[in-house]
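Okay, here's what each chain looks like letter by letter:
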Amino acid sequence: MFSTEDTIVAIATPAGRGGIGVVRLSGPDAARIAGTLTTPASFAPRHATLAQIHSADGDAIDQGIVTHFPAPHSYTGEDVVEVSAHGSPVILRAVVAAAQAAGARLANPGEFTLRAYLHGRITLVEAEAVADLVDAVTPLQARVAFDQLEGTLTTRLREIDAALLDVIARLEASLDFPEEGYHFIDPDESVREIDRIVASIDTLLADAARGRIIRDGLTVAIVGRPNVGKSSLFNALAGAARAIVTDVPGTTRDLVSERIDIEGVPVTLVDTAGLRGTPENAIEEEGIARARIAAEAADVVLVVLDGSQPLTADDRAALDTTRAVRRVIVASKHDLPAAWDHAASDALAVSALAGDGLGQLRAQIVEGGGGLLPRDRAPIANLRHVALLKQARAALARAAAAARQRIPEEFVLADLHAARGCFDDITGARPQDEVLRTIFARFCIGK
Ligand SMILES: Nc1nc2c(ncn2[C@@H]2O[C@H](COP(=O)(O)OP(=O)(O)OP(=O)(O)O)[C@@H](O)[C@H]2O)c(=O)[nH]1
Ligand SMILES: [Mg+2]
């Protein structure tokens with residue numbers, strides 16, 4: 001279904017103008033097609049060759065650098081030619097058109113990386129890491145994706161898979177030579193081995209929540225009654241006066257959002273209209289409805305209470321409606337005298353004006369999800385991987401239970417093989433078209 005017989009072409013650099021722009025060709029005809037576009041028409045392998053670039057009509061349109069990476073030592077494992085021209089969309093499109101006229105096909109999103117995977121240059125886990133690395137917006141996200149690309153996760157998965165294969169091989173040997181009356185692995189030992197594998201999977205899964213937060217980020221909604229200082233807090237966290245702040249209750253009407261980086265975690269911070277039981281007009285009423293939707297959709301809610309004013313019925317209502325979600329209760333305006341006991345109410349005292357408590361608030365928002373990570377413990381960040389690991393764990397737990405109850409080896413083996421199948425699906429050792437299509441659809445063209 002996935003053909004690698006033709007030669008594909010695409011602009012590999014971002015849309016728009018730049019100092020240089022790169023057109024990439026990959027496939028059996030890459031060198032020949034590139035030769036029709038340039039003078040000189042052939043290139044020494046892995047050398048930067050200065051060349052004149054022609055359009056499909058043969059007109060000289062630019063001068064650039066051509067690099068030929070012969071198969072299999074290239075990104076895709078095929079013959080690859082990269083043409084670096086000046087970064088003008090007009091020129092780059094003309095180069096692509098000329099390549100198409102000479103027989104290349106326009107690449108689909110992610111097709112270069114797909115070919116790298118199909119030619120065994122990278123595992124599926126590493127291909128997914130390429131997409132994450134390109135998409136990363138914080139340095140920590142890039143780090144986690146790069147570690148995955150470097151194969152840290154693949155190595156950990158391979159170690160677990162090798163241990164699993166060892167148990168399978170010994171159980172199968174016991175089955176194949178029953179007349180010897182000799183067990184290549186005794187039942188207690190197989191239980192111990194399987195339990196050990198389950199424990200390593202648990203270690204991986206324990207880091208997964210953190211990996212997910214780093215990869216996908218958090219949406220954080222700021223809610224509370226009018227005038228408690230939500231917009232001021234929003235601006236303080238965003239480090240910019242994005243939202244309007246006034247002493248008039250009901251200032252914020254629409255949702256205002258900003259992407260910020262908290263300890264490496266990408267956070268979408270959302271400021272909302274003050275919640276009150278008696279809105280002044282239809283505009284405020286609509287604002288409050290939107291605030292409630294934002295609070296429901298958020299991963300974390302900051303419930304802001306004015307620390308310098310006695311609590312009101314609207315404050316209590318805000319606390320009530322957010323009881324079931326992950327929340328941080330904030331006592332605002334800490335620079336003013338406290339009107340109630342913040343600590344006793346589990347509220348974090350913060351002053352948007354003076355900046356007190358903001359560091360603690362940031363830490364509570366990401367809840368240990370950010371900060372430094374040990375390099376050898378690249379967390380799994382990908383939901384697909386987490387789901388398959390959980391599936392493998394369930395199969396292993398069944399196998400261990402069967403072995404404990406001395407149920408015949410065949411049954412234990414069936415579950416062990418099921419667990420191995422999950423590992424194969426993660427690394428892509430057993431590719432399924434549907435899975436590949438979904439994964440590579442996320443890429444942009446030229447990757
Ligand atoms: N002293 C002090 N005043 C603050 C602080 N934060 C906000 N205020 C004041 O409280 C008033 C309301 O602030 P906003 O940030 O607009 O409050 P809000 O919760 O967004 O209000 P609405 O948008 O109307 O719901 C303004 O006069 C702010 O200057 C603070 O940390 N210290
Ligand atoms: Mg506001």
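Reading the values: rules and limits
- Residues numbered from 1 in each chain as written.
- Chains lettered and ligands numbered in written order.
- Predicted model: local features only at pLDDT ≥ 70, side-chain atom pairs only at ≥ 80, totals over all residues.
- Heavy atoms only, no water.
- Donors = N, O, S within 2.8 Å, 3.2 Å for Na, K, Ca; no water.
- Helix = DSSP H or I, 4+ residues; strand = E, 2+ residues; numbered from the N terminus.
- Buried < 20%, exposed > 50% of the residue type's maximum accessible area, 1.4 Å probe, protein only.
- Pairing = 2+ DSSP bridges.
- Contact = heavy atoms within 4.5 Å.
- Axes fitted to C-alpha atoms, helices over the stretch in contact; angles between N-to-C directions.
- Near = heavy atom within 4 Å.
- Polar contact = N/O pair within 3.5 Å; in protein donor to acceptor, adjacent residues only side chain to side chain.
- Areas by Shrake-Rupley, 256 points an atom, 1.4 Å probe, with all protein chains shown as cover.
- Nonpolar A, V, L, I, M, F, W, Y, C, P; charged D, E, K, R; others polar.

Engineer: If you had to explain the coordination of the magnesium ion (ligand 2) to someone new, which residues and values would you point to?
Structural biologist: Ideal geometry at a metal centre gives angles of 109.5 degrees when four donors are arranged tetrahedrally and 90 or 180 degrees when six donors are arranged octahedrally. The protein atoms that coordinate the magnesium ion (ligand 2) are Ser231 (OG) and Thr252 (OG1), at distances spanning 2.0 Å. With a gap of 21 residues between them, Ser231 in helix H8 (residues 230-238) and Thr252 in the loop between H8 and strand S9 (256-262) connect regions that are remote in the sequence. A relative accessible area of 8% places Ser231 in the buried class.

Engineer: Before we move on, could you go through the sheet that holds strand S3 (residues 38-39) and cite the residues and values that matter?
Structural biologist: Taking strand neighbours across the sheet as the criterion, the 7 strands line up as S3-S4-S5-S6-S2-S1-S7 in an open arrangement whose pairing is mixed. Single-partner strands in this sheet number two, and they are S3 and strand S7 (105-106). As paired elements, strand S1 (residues 8-11) and strand S2 (residues 18-26) share 4 bridges and run antiparallel to each other. From the neighbouring strand, Ile11 faces S2, where its bridge partner is Val23. Where helix H2 (residues 89-101) meets the sheet, it contacts S1, S2, strand S4 (49-54), strand S5 (60-69), strand S6 (80-87) and S7, and its direction lies at approximately 175° from that of S1. Each of S1, S2 and S7 touches helix H3 (residues 111-118); the most contacted strand, S1, lies at about 135° to it.

Engineer: Before we move on, could you go through the site of ligand 1 and cite the residues and values that matter?
Structural biologist: Around ligand 1 sit 22 residues, and of these Lys230, Ser231, Ser232, Gly250 and Thr251 come closest. The backbone of Thr246 places a nitrogen or oxygen atom 3.4 Å from an oxygen atom of ligand 1. Within the side chain of Lys333, a nitrogen or oxygen atom sits 3.0 Å from an oxygen atom of ligand 1. When ligand 1 sits alone it has 650 Å² of accessible area, and the protein chains cover 88% of it. When grouped by side-chain class, the residues that make up the shell around ligand 1 number 8 nonpolar, 10 polar and 4 charged.

Engineer: Could you give me a rundown of the side chain of Asn382, with the residues and numbers involved?
Structural biologist: Relative to the assigned elements, Asn382 resides in the loop between helix H11 (358-366) and helix H12 (383-404). A relative accessible area of 6% means that Asn382 is categorised as buried. Reaching out from Asn382, the side chain makes a polar contact with the backbone nitrogen of Arg384 at a distance of 2.8 Å.

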